[in-house]
Every structure is written in structure tokens, then in C-alpha cells.
Amino acid sequence: MTDTELILSKIDELRTELKGDIAVLDTKIEAVQLGIVKLNDKLEFIEYGLQKEIESTYDLATENAEKIGILMADREKARKRRAKLRLISDYRR
């Protein structure tokens, strides 16, 4: 075997080896890309769930604020009614 043939043989071996390494690298890249897609899907699902929780919490807080407003108004009316009754009671004495 001549030096040129030996060099060409080594080049062929290196090409074959390199092709194998590239195939493995491509497989790893595809696996990473698939992992990224799955992670992105999970993050979108979590984001959707959190948004729904925020919406329901906001709705509940709004409803509670309305109820508190009604109770505070009723409490103020009751306080005024008691004050009037005290005045009437004091006037009658």
C-alpha cells in the first residue's frame, strides 16, 4: 500500500467515524429539541392553569367585596337606627 493509499484509507476511516459521530450528535439534538417542545407544552399548561386560578380568585374577591359593601351599608343603617332609638329613649326620660 502506498502512502497515498494509506492516507486515503485513513481519510475514509475518519469520514466513517465522523458520520457516526454526526448521527449521534443529530440524535442528541433531536432529543433536546423534543425535550424543549415538551417543556414548552408543560409551561403553557401551567400558565393556563395559573391564569384560571387568578381569574377565579379575582371573581371571588370581587364578590366578597360586594358582600362586604352591602354588610357595611347595613351596619351603618343599624348604627344610625340605634342612635335614633337612643335619642328617642333619652328624650322620653
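Just so it is clear, the model here is predicted, and its values are computed rather than measured.

This paragraph deals with the environment of leucine 25. The topology assignment puts leucine 25 in helix H1 (residues 3-92). Sequence separation of leucine 25 and alanine 73 is 48 residues, and the distance between their C-alpha atoms is 71 Å.

Moving on: the pattern of salt bridges. Within this structure, the stated rule accounts for four salt bridges. Here arginine 15 ties to aspartate 12 by a salt bridge, and the two come within 3.8 Å at their closest N and O atoms. Here aspartate 12 and arginine 15 lie together in helix H1, a separation of three residues that amounts to about one turn. Under the relative-accessibility criterion, arginine 15 is labelled exposed at 52%. Salt-bridge contacts for lysine 52 lead to glutamate 55; the nearest nitrogen and oxygen are separated by 3.6 Å. Here the residue lysine 52 and the residue glutamate 55 both occupy positions in helix H1, the gap between them amounting to three residues, near one helical turn.

The rules behind the values
- Residues numbered from 1 in each chain as written.
- Predicted model: local features only at pLDDT ≥ 70, side-chain atom pairs only at ≥ 80, totals over all residues.
- Heavy atoms only, no water.
- Helix = DSSP H or I, 4+ residues; strand = E, 2+ residues; numbered from the N terminus.
- Salt bridge = Lys/Arg side-chain N within 4 Å of Asp/Glu carboxyl O.
- Buried < 20%, exposed > 50% of the residue type's maximum accessible area, 1.4 Å probe, protein only.

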